[in-house]
Amino acid sequence: MTKLSEIRLTKFGWFLTIGCLFPIVFFILAPFLLWGLLELNAIWEAKWTSFSFEKKTYWVDNVFGFMGVEEIAIENENTFTLFGASDSVSRDERHPIAMRTTDGGKNWKTTKDSINFRYSQFFHRGDSVFMVRYLDTKYRGEHPVYVSTGDYKKWEYFGNTEYSGLGYARVKQEDSSFEGKSFLLEKENMTDHIFEVDCQSSGKKYAQNDENWIICGYDKPSSSIHEVRILHKLNGEYKIHSSFPNKWHIFTTIGMNPRDFYVEDNLFVGLLKFQVGDAGVDCLHYLYYSTDGGKSWHNRKLPRFSEERLLVTEDKILILGLDEYSRKDRIYVSILTMPRPKR
């Protein structure tokens, strides 16, 4: 007859064995579990989209060169135009290309101009797109500037640059019928120190429809401050109107690069890209919006796009996002829409 003490000893032995094996099994499986979590996080960062959006996707031929799509013009919710340069073995033979859809992305038409250049920059301003044509690899000096409007099929000579750099160009216009004799074209001007007190990130964006508003990032690692700031111009000076912390992530977010920005009355809408980790390689893309003039903010997750632009209409928010790197000769076009938020 089995003694009670033996039964207890046998059960204790099983518990002891399982207790010893558990750390060993966990140690063996931990790398696989970690790899799985990292893989899920990478998919979430790159592809996850908030359920708030309706989504349409299209594949189009990539006719652009090594620089890819360099500018996007959105006229309405059905008409978009992509700008860039043709691909060529010889960089001296590159030409401007416009790829346009008028049916919301179902069909695209490509036009190529005969102008050739070694390098170029494209700037969307109002109803026009400007192209700075660099005759060599140097930014400094005078370079011809061309403008295209309407259906963007033709480029016309506009003037010369006084000076230019990566993401900006001061233009002297030949035809005084446009705006003024000289004006600045810019995207994300990293060399402008005017806002360095309030903006210390990798760029700033003026609001599409009102240059009295700017969105930018402020990052001060010494004090662990990483935040988004909205600046408003009053009496000729920009001051902080609103701010909120960078989007939280387990590996921390270290900086914000604004992609697009829109202001109308109390509605603020921004497309923001947050850099994750010390290397800043991984990125989180979000739509942020406020309906009370910047007092409170809401956000919606976006996929990781190579380029993205914003359109706000009377009843909806539209985001045109491009992924140029998933396939070598194709561009993945996403059109996301959600109802315009109300206060």
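Up top you'll find the structure we're talking about.
Computed from a predicted model, the values in this text were never measured in an experiment.

Caption draft 1: Examining unusual backbone geometry more closely. Despite not being glycine, N235 shows a phi value in the positive range, around 55 degrees. With respect to the secondary-structure elements, N235 resides in the loop between β14 (225-234) and β15 (237-245). The exposed category is assigned to N235, whose relative accessible area is 84%. Here the phi dihedral of D265 falls at roughly 55 degrees; this positive angle occurs in a residue that is not glycine. By the secondary structure assignment, D265 is in the loop between β16 (253-264) and β17 (267-276). Residue classification places D265 among the exposed residues on the basis of a relative accessible area of 69%.

Caption draft 2: Here's a closer look at the pairing of β16. Across the 12 residues that make up β16, a large majority, 10, are buried. Relative to β17, β16 runs antiparallel, the two being bridged by 10 bridges. Within the sheet, the bridge partner assigned to T253 lies in β17 and is V276. What sits between β16 and β17 in their antiparallel hairpin is a turn of two residues, with D265 showing a positive phi close to 55 degrees.

Caption draft 3: Structural view of the state of the cysteines. All told, the structure shown has one disulfide when counted by the stated rule. Linked covalently through their sulfurs, C199 and C216 form a disulfide whose S-S length is 2.0 Å. What sets the handedness of the C199 and C216 disulfide is the S-S torsion sign, and at about -70 degrees it is left-handed. Placement of C199 in the loop between β11 (182-186) and β12 (204-207) and of C216 in strand β13 (residues 210-220) is noted, with a sequence separation of 17 residues between them. With respect to class, C199 is no different from C216; both count as buried.

Caption draft 4: How the structure looks around the sheet that holds strand β9 (residues 156-165). The antiparallel open sheet is built from six strands, whose spatial order is β6-β7-β8-β9-β10-β11. The sheet is open, and its two edges are formed by β6 (119-125) and β11, each paired on a single side. Pairs of neighbouring strands in the sheet enclose a mean axial angle of 35 degrees, with direction left out of account. Sheet topology note: the β6/strand β7 (residues 128-134) ladder contains seven bridges and is antiparallel. Its bridge partner lying in β7, Y119 is registered against Y134.

Caption draft 5: Representation of the pattern of salt bridges. Under the counting rule described, the total for this entry stands at 11 salt bridges. E77 is paired through a salt bridge with K316; the nearest N and O atoms lie 3.0 Å apart. With E77 in the loop between β2 (71-74) and β3 (80-85) and K316 in strand β21 (residues 316-327), the pair connects residues that are 239 residues apart, well separated along the chain. You can call K316 partly exposed: its relative accessible area is 22%. Across the salt bridge formed by K172 and E142, the nearest N and O atoms sit 2.9 Å from each other. Taken together, the positions of K172 in strand β10 (residues 168-173) and E142 in the loop between β7 and β8 (144-148) put the pair 30 residues apart, joining distant regions of the chain. Relative accessible area serves as the criterion here: at 29%, K172 is assigned to the partly exposed category. Through salt bridges with shared partners, a single network forms among E71, E307 and R309.

Caption draft 6: Representation of the pairing of β8 in the model. By the criterion of burial, β8 is predominantly enclosed, with five of the five residues buried. Judged by which residues are buried, β8 turns out to be covered on both faces: P144, Y146 and S148 on one side and V145 and V147 on the other are all buried. Two strands pair when backbone bridges link them, and β7 and β8 are joined in this way by four bridges, in the antiparallel orientation. Bridge pairing in β8 links V129 to S148. Pairing of β8 with β9, which is carried by four bridges, proceeds in the antiparallel orientation. Each bridged residue has a counterpart across the sheet, and for V147 the counterpart in β9 is E156.

Rules of the game
- Residues numbered from 1 in each chain as written.
- Predicted model: local features only at pLDDT ≥ 70, side-chain atom pairs only at ≥ 80, totals over all residues.
- Heavy atoms only, no water.
- Helix = DSSP H or I, 4+ residues; strand = E, 2+ residues; numbered from the N terminus.
- Buried < 20%, exposed > 50% of the residue type's maximum accessible area, 1.4 Å probe, protein only.
- Pairing = 2+ DSSP bridges.
- Disulfide = S-S within 2.5 Å.
- Axes fitted to C-alpha atoms, helices over the stretch in contact; angles between N-to-C directions.
- Salt bridge = Lys/Arg side-chain N within 4 Å of Asp/Glu carboxyl O.

Remember, this is a structural readout, not a statement about activity or role.
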